[in-house]
Structures are given as C-alpha cells and as structure tokens.
Amino acid sequence: MRRGRGGGSTWADEALAGAEPRVVWFEHPDPGPRPALTGRLDADLVVVGAGFSGLWAALMAAEDDPGRRIVVVEADRIAASASGRNGGFVDASLTHGLENGLAHWPDEIDTLVRLGRENLAGFTDALDRHGIDAAFELSGEIDLATEPHHRDWLAEAAAVHRRHGEDVEVLDEAAMRAEVDSPRFLAGLWRRGSVGLVDPVRLARGLADAAERLGVTILEGSPVEAVESDGPHLVVRTAAGRVVAERVVVATNAHRRPWRRARRWVVPVYDYVLATEPLDPAARAAIGWHHRQGLGEVTNQFHYFRLTPDDRILWGGYDAIYPFGGRIDPRLEQAGPTHRRLAHQFFDTFPQLEGVRFTHRWAGPIATTTRFTAAWRTAHRGRLVWVGGYTGLGVGASRFGARVALDLVDGHRTERTELAMVRRPPIPFPPEPLRWVGVQLTRRALQRADRRQGRRGPWLRLLDGAGIGFDS
Ligand SMILES: Cc1cc2nc3c(=O)[nH]c(=O)nc-3n(C[C@H](O)[C@H](O)[C@H](O)COP(=O)(O)OP(=O)(O)OC[C@H]3O[C@@H](n4cnc5c(N)ncnc54)[C@H](O)[C@@H]3O)c2cc1C
C-alpha cells in the first residue's frame, strides 16, 4: 500500500473519508411506503417478511391460485434487511456451493444440482414473464486463486464441477489478468452459466409490484409480534392490528421475531460492504473486466466483488462479525475498523485505482446455519412454516426456499419436500455463551487455516467430522 500525502493517512483512508453510511442499491427513487397493518384483516395465507423469500412465496402462491387472499406483513420496508444489502450474486447452487452440497448430501447431490438449475431457469423466466428489470446479467463468477496452493484447489474444483455438468474454465495467471487485472490474482475458475448478477433492490421491488398486480396485499412498517393459534385459525399480531389466516409462512431469516425457535438454527453474522463511485473510462480500462463477472476469493476469509450496472465496484466480505446474543442492531452496520480494512484491501487488490473514492459503506445480517444452507421448520400442526438461513447464497436459493415453504404449508408432498436437506434440520447452535465462544474459536481457526496454506487445525477438523461449520 502506498502512503498518501503525509499525516500517516493512506490513499485508502482518504478514499473512504467521504463514504456515506448508505446502501448503494437504495439510490433509486423510493416509490414511497405502503400502508401499515391496522385493525383486522382476513387472509388465506400470510407471509411475514418482505425479503426475497417472502416476496417469492407471495408471488408464487398467487400464481398457483389466483383466488387466494394473500397478505405480506413486513416490519420495515421491502428488502430492508439482507435482501436489499447483498452483493447481488445469483448462484444456481442451493447448497452454498457444490462442494458443501457434496459434503452434506452426497446421495442427493445430482437432484440438488438439477433443482438448482431449474430454480435459476424459473428465476429468469419469472423476470421475463412479469417484466421485472432487475439488471440481470448472466456473466458467471470467477473463483480466485491468490496464493500458489490455490491453483491446485481450482484444478480439483474444476474437475468436480465438470463431473456435475457445469460449464467451467480454468484461467492461468495471464488469462485471469486479461479478464480482470490485479497483481493478487494468480489464477481463476470461471463458472460461466450458473451464476448471474442482479440489482437486488430492483429485483425485490419488481417482485413486490408483480405480486400486487396478482392481488397480493403488501403492508410495511408492521413488525409482527406473535403468531398465535385461535381454533382453526392463526392470528398474526402486530401492535396496531392482526390478520386472521389459515396458513402462515414466516420468512424473517436472521431476525428473531415472531418465531423465536428459529434462533436454534440460525445466527446473524454481519457482513460489511463498500461501493466506489462510478469508474471513469480510464479507471475501467485499467482493470479490464469486460465480461463483468462476479469475483470471489477461495480463502476462508474472502472478498466478493462485482461491477454494478453503473460501473461502481461493490466490494464486500472478509470480516464476518457475530454479535453476542445474536442481536440485530442498526448500530452494527457501521464498523470503522472493518470498513477501513476493506478499503485497504481494495487498494491492495487494485493499486491502479488509486484516487478512486468510496461513496457508500454499509452492512447487513447474513443468517447462517451450521450447514450453510436454508432450513425449513413447521409449527401449529404444519399451518406455520418458517424458512431461512441461506448464509451468503440466498439471492437465488430464496426462490427455492419459498417454493418449498409453500409445498409444506399447503401439505403437498413433492420431490422437494422429500429431500433430506428439507426434512432434516441443521445441527442447532448451542445456547449463549457457548455459541459466542464457539463462533470466535471457529473464526480464529479459519484465519489460522488461511495463514497456513489452508491446513485445517484440530478444531476445524473436529467440526468437519461433526458436519458443522461457520461461514458468511
Ligand atoms: C451484506 C450481504 C451480502 C450478501 N451477498 C449475497 C450475494 O451476493 N448473493 C447471495 O446469494 N446472497 C447474498 N447474501 C444473502 C442474501 O442476501 C440472503 O440470503 C437473502 O436476501 C435472504 O432473503 P430473506 O427474504 O430470506 O431474508 P431477509 O432479506 O433478511 O428478509 C427478512 C425480512 O423479514 C422482515 N422481518 C423481520 N422481522 C419481522 C417481523 N417480526 N415482522 C415482520 N417482518 C419482519 C425484515 O425486515 C426483512 O425484510 C448477502 C447478505 C448480506 C447481508
């Protein structure tokens, strides 16, 4: 890292100085809030939470049965939580990557890969059918080698992906740098057809508009306090109103309310992000990136980065912070040292972009499970289904998560509901303070493994043996 003009401040610090504590995706004109829940409503299906899971559930339920009375109740605004704050990588994988799927469900992996491809096809088909302009680009993702030993990992990963019918290309250092130029990049594995990029807020708002056109009612600013049984009905209660419903899908992901038992299976992990100003033609030319792929390193602590539709670089990841007690708190969204570290690492990766400024800095809660994939649980004799826990890969998988939640809440037995991934819950996290201690031990062990050429120490080997882990 080159030093700036004195005072000990670096180019990275200067570049970060003017960044606003805002999410870049929310810069589009705000369509204005929808009404809140007041008084009593009746519905056939209530969806709690208007992130991707909730919005897909509402849209698909309305498509399946146009006469159904469907109400979405959102605590804040549409996509206020993870769905509006993410990198916008849409991966076909339902299992947080092929390798993780193979580790957990070797017997079902072919089905899971096929269902993932069908889900991505259904995703793009829905965008076309409903005229949703989410700035979708099927540009693929490159897994990056930044240490010499990563080259062997990429070669092995390429063989595994090819065995499962994926279109992948291994890029040596010259080929990688011809795609995207950084002195840190030693090789890449370009997964071409299975990953796309979206503008997540345009996606969420498009899904909400499409659902409303099919008759769904969406209410904002209405935190659900409880879902209670009342004879044959469920009552979804907020401070100012209630919806009396037949069935409820709870799609609140990392958030504890209204179904507190979810805390056993998911923990919130804060993930931090920066966005630069739009790159001018000279800066764009200095890095290449003509195919606009999403990029991510293969280390345990990794950055993910991409170009936005207006040619900013979105740069996130690396630190993953678990707050004691699993609290979700807007104050955790601005972490000075973490954003600063991200800024420094950005210029280590792209020194040729010295002088480019960051305009946005934010964070969001990732809901992780011990197996890194979604989980589904039922309550109230199957009339309530909770879904969440996609870890860092929920933009695409949340459509599948919603589809399964609808199958379950409607009592349909399908190929999806028979999957072991759906039937069996992840291993639960222990209660506090063991939970916090376990997460910290695991984070440190992962950092150590990165420093030791990926060699996993006794703690990680123990967790691997038990089939559990921690990731963002
Ligand atoms: C910084 C960051 C980067 C990420 N990058 C990627 C990526 O590039 N690709 C990828 O695939 N995934 C990524 N993810 C993960 C992805 O964003 C999530 O998996 C996905 O958005 C989950 O959607 P969801 O609808 O299940 O949850 P959420 O988006 O969290 O939605 C839950 C909703 O429930 C609402 N809610 C909570 N409590 C209540 C209540 N009591 N009453 C009513 N409503 C309530 C919340 O306000 C929220 O709107 C990232 C996540 C983060 C945080």
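Predicted model, so just to flag it, every value in this text is computed and none were measured.

Calculation criteria
Residues numbered from 1 in each chain as written. Predicted model: local features only at pLDDT ≥ 70, side-chain atom pairs only at ≥ 80, totals over all residues. Helix = DSSP H or I, 4+ residues; strand = E, 2+ residues; numbered from the N terminus. Rg over C-alpha atoms; globule rule 2.2 N^0.38 Å. Buried ≥ 20, exposed ≤ 12 C-beta atoms within 10 Å, placed from the backbone. Domains from an automatic or database assignment. Contact = placed C-beta atoms within 7 Å. Nonpolar A, V, L, I, M, F, W, Y, C, P; charged D, E, K, R; others polar. Expected span 1.5 Å × (residues − 1). Arc of directions from axis to C-beta. Axes fitted to C-alpha atoms, helices over the stretch in contact; angles between N-to-C directions. Parallel < 35°, antiparallel > 145°, perpendicular 65-115°, else oblique. Left-handed = near helix turned anticlockwise from the far one by under 90°. Pairing = 2+ DSSP bridges.

1. A word on the overall build of the protein chain
Part 1 of the reasoning: Tallying secondary structure elements over the protein chain gives 13 helices and 18 strands in all.
Part 2 of the reasoning: Its C-alpha atoms give the protein chain a radius of gyration of 22 Å, within 12% of the compact-globule value 23 Å for 472 residues.
Part 3 of the reasoning: Considered along the principal axes of its C-alpha atoms, the protein chain spans approximately 65 × 45 × 45 Å.
Part 4 of the reasoning: Each of the 472 residues in the protein chain was classed as buried or not, and the buried ones make up 47%.

2. A few points about the domain arrangement of the protein chain
Interface size is commonly expressed as the accessible surface area that is lost when the partners come together.
Part 1 of the reasoning: Splitting the protein chain by domain gives domain 1 (39–127 + 200–266 + 371–423), domain 2 (137–196 + 267–365) and domain 3 (435–466).
Part 2 of the reasoning: Centre-to-centre separation of domain 2 and domain 3, based on C-alpha positions: 22 Å.
Part 3 of the reasoning: Each partner contributes to the interface: domain 2 provides 8 residues, whereas domain 3 provides 9 residues.
Part 4 of the reasoning: Residue classes in the side of domain 2 that touches domain 3 are distributed as 3 nonpolar, 4 polar and 1 charged.

3. Considerations on helix 2 (residues 52–64)
Part 1 of the reasoning: Taking 1.5 Å of rise per residue, 13 residues should cover 18 Å, and helix 2 covers 18 Å from first to last C-alpha, within 8% of that figure.
Part 2 of the reasoning: Within helix 2, 11 of the 13 residues are buried, leaving the element largely enclosed by the surrounding structure.
Part 3 of the reasoning: Residues of helix 2 that are buried include every one of Phe52, Ser53, Gly54, Leu55, Trp56, Ala57, Ala58, Leu59, Met60, Ala61 and Ala62, and no others.
Part 4 of the reasoning: Taken together, the buried residues of helix 2 touch strand 1 (39–48), strand 2 (70–73), helix 7 (200–213), strand 11 (241–250), strand 18 (384–388) and helix 10 (397–409).

4. Looking at helix 12 (residues 434–451)
Two residues of an α-helix separated by three or four positions point the same way, owing to the 3.6 residues in each turn.
Part 1 of the reasoning: Over its 18 residues, helix 12 extends 26 Å from the first C-alpha to the last, a length consistent with the 26 Å expected when each residue adds 1.5 Å.
Part 2 of the reasoning: Looking at helix 12, one finds that the buried residues are Val439, Ala445 and Leu446. Angular distribution of buried residues about the axis of helix 12 spans 130 degrees; they occupy a single face of the element. Projecting away from the buried face of helix 12 at angles above 90 degrees are the exposed residues Val437, Arg444 and Arg451.
Part 3 of the reasoning: Along its buried surface, helix 12 packs onto helix 13 (458–466).
Part 4 of the reasoning: Following helix 12 by one or two positions, Gln453 adopts a phi angle in the positive range, close to 50 degrees.

5. A short note on the packing of helix 12 against helix 13
Part 1 of the reasoning: Running from N to C, helix 12 and helix 13 point in directions that differ by 115 degrees, and their axes come no closer than 9 Å. By the angle between their axes, helix 12 is roughly perpendicular relative to helix 13. Seen from above, helix 12 lies across helix 13 with left-handed handedness. Residues Leu441, Thr442, Ala445 and Ala449 of helix 12 pack against Trp459, Leu460 and Leu463 of helix 13.
Part 2 of the reasoning: When its residues are assigned to classes, the contact of helix 12 with helix 13 shows 6 nonpolar, 1 polar and no charged.

6. Points about the sheet that holds strand 6 (residues 187–191)
Part 1 of the reasoning: Here we have 8 strands laid out as an open sheet, ordered 5-6-4-13-14-15-12-16, and mixed in their pairing. Across the chains shown, the open sheet's two edge strands, defined by having one partner strand only, are strand 5 (168–171) and strand 16 (358–368). Taking the axes of each pair of neighbouring strands and ignoring which way they run, one obtains an average angle of 20 degrees across the sheet.
Part 2 of the reasoning: Packing against the sheet, helix 5 (residues 150–163) makes contact with strand 4 (141–145), strand 5 and strand 6, and its axis sits at approximately 20 degrees to strand 6.
Part 3 of the reasoning: The strands touched by helix 9 (residues 336–349) are strand 12 (267–276), strand 14 (303–307), strand 15 (313–321) and strand 16; relative to strand 15, the strand with the most contacts, the crossing angle is about 130 degrees.

7. With respect to the pairing of strand 17 (residues 375–379)
Part 1 of the reasoning: Across 5 bridges, the pairing between strand 17 and strand 18 is antiparallel. Bridging across to strand 18, Thr378 finds its partner in Val385.
Part 2 of the reasoning: The loop that links strand 17 with its antiparallel partner strand 18 comprises 4 residues; one of these, His380, has a positive phi angle of about 50 degrees.

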